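A structural walkthrough
The primary structure of each chain is shown beneath.
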Amino acid sequence: MEKQLELQFENFERLQSQCKTLMISSMDDKGEPHVSYSPFIIHEGEFYIFISKIAAHFQYLENNKHVSIMIIADEATSPILFARERIRYKCTPEFVGNVDKEHIFEKFVENHGEQMIKVLRGIDLSLFKLTPIEGRYIAGFGQAFDINPIEGTFIQIDPSKMNH
């Protein structure tokens, strides 16, 4: 990997590991868009969220073959709000429940605190796995990279070859 691409890949990994929440875009039962967010962890390249069964996005994740997620840099640390660093993924959602998932809950405790996870495990929350299919990392103006998690590729997009 060339030096500049390697640096951008490191920035991508840093953003993905530093952020603790992601935005979720799904469709409701009428085909209308619904946006929400959730704390998450990453395990073996897949995203896990722990959400309430009564939350609207729980049903939308169950009833859709694909959802989009976005991890985005904090406004307070972004020098240019028109070009906030961000990662988007198209994912397949899968309800996985809470049984035999101690390795996932250990990561939630590590990232979000034992006290909070202990409280949440006592109520109606369940795990969803979001498997990324394709993605895009935006590092700033004119700095976009296509991500193929399946093939393990990270390729810079040439802005001059974009269709308008």
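Each chain carries its own residue numbering, running from 1 in the written order of its sequence. Note on the predicted model: pLDDT of at least 70 is required for a residue's local features to be given, and 80 or more for side-chain atom pairs to be given and counted; whole-chain, interface and lining totals, by contrast, use all residues. Calculation of side-chain values draws on the structure's entire complement of heavy atoms; hydrogens and water are dropped beforehand.

Each residue is placed in one exposure class: buried if its accessible area under a 1.4 Å probe, protein chains only, is under 20% of its type's maximum, exposed if it is over 50%, and partly exposed if it falls in between. Here a helix means four or more residues in a row that DSSP labels H or I, a strand means two or more in a row labelled E, and each is numbered from the N terminus. The complete set of buried residues in helix α3 (residues 102–112) reads Ile 104, Phe 105 and Phe 108. All buried residues of α3 lie within an arc of 95 degrees about the axis, which places them on one face of the element. Opposite its buried face, α3 presents the exposed residues Glu 106 and Glu 110, each directed more than 90 degrees away. Directions from the helix axis toward the C-beta atoms define the arc.

Attention now goes to the pattern of salt bridges. Counted as salt bridges are all cases of a side-chain nitrogen of Lys or Arg within 4 Å of a carboxyl oxygen of Asp or Glu. Summed over all chains, the structure comprises five salt bridges. Salt-bridge contacts for Glu 85 lead to Arg 14; the nearest nitrogen and oxygen are separated by 3.0 Å. Of the two residues, Glu 85 is situated in the loop between β4 (67–72) and β5 (86–95) and Arg 14 in helix α1 (residues 3–18); the sequence distance between them amounts to 71 residues. Its relative accessible area of 13% is what places Glu 85 among the buried residues. We note a salt bridge from Glu 46 to Lys 129, for which the minimum N-O separation is 3.8 Å.

Next up on the list: the environment of Gly 142. Tracing the sequence through the fold places Gly 142 in the loop between β6 (125–140) and β7 (143–148). Contact definition: two residues touch when any of their heavy atoms are within 4.5 Å. Other than its neighbours up to four places away in sequence, Gly 142 contacts Gln 156 and Pro 159.

Secondary-structure assignment places Arg 88 in strand β5. Sequence-wise, Arg 88 and Ile 133 are 45 residues apart; in three dimensions their C-alpha atoms are separated by 11 Å. The contact partners of Arg 88, leaving out residues within four places of it in the chain, are Ile 69, Met 70, Glu 134, Gly 135 and Arg 136.

By this rule the span expected of a helix is its residue count minus one, scaled by 1.5 Å. Taking 1.5 Å as the rise per residue, α1 with 16 residues should run 22 Å; its terminal C-alpha atoms sit 22 Å apart, in good agreement. Of the positions making up α1, those classed as buried are Leu 5, Gln 8, Phe 12, Leu 15 and Gln 16. Projected down its long axis, α1 shows its buried positions confined to an angular sector of 95 degrees, all on one face. Opposite the buried face of α1, at more than 90 degrees from it, the exposed residues are Lys 3, Ser 17 and Gln 18.

Despite not being glycine, Glu 44 shows a phi value in the positive range, around 50 degrees. Topologically, Glu 44 is positioned in the loop between β2 (33–43) and β3 (46–52). Even without a glycine there, the phi angle at Asp 100 is positive, about 60 degrees. Take Asp 100: it is sitting in the loop between β5 and α3.

A word on the side chain of Glu 46. Counting through the fold element by element, Glu 46 comes out in strand β3. Sequence-distant contacts of Glu 46, defined by excluding residues within four places in its chain, comprise Ile 41, Lys 129, Leu 130, Thr 131 and Pro 132.

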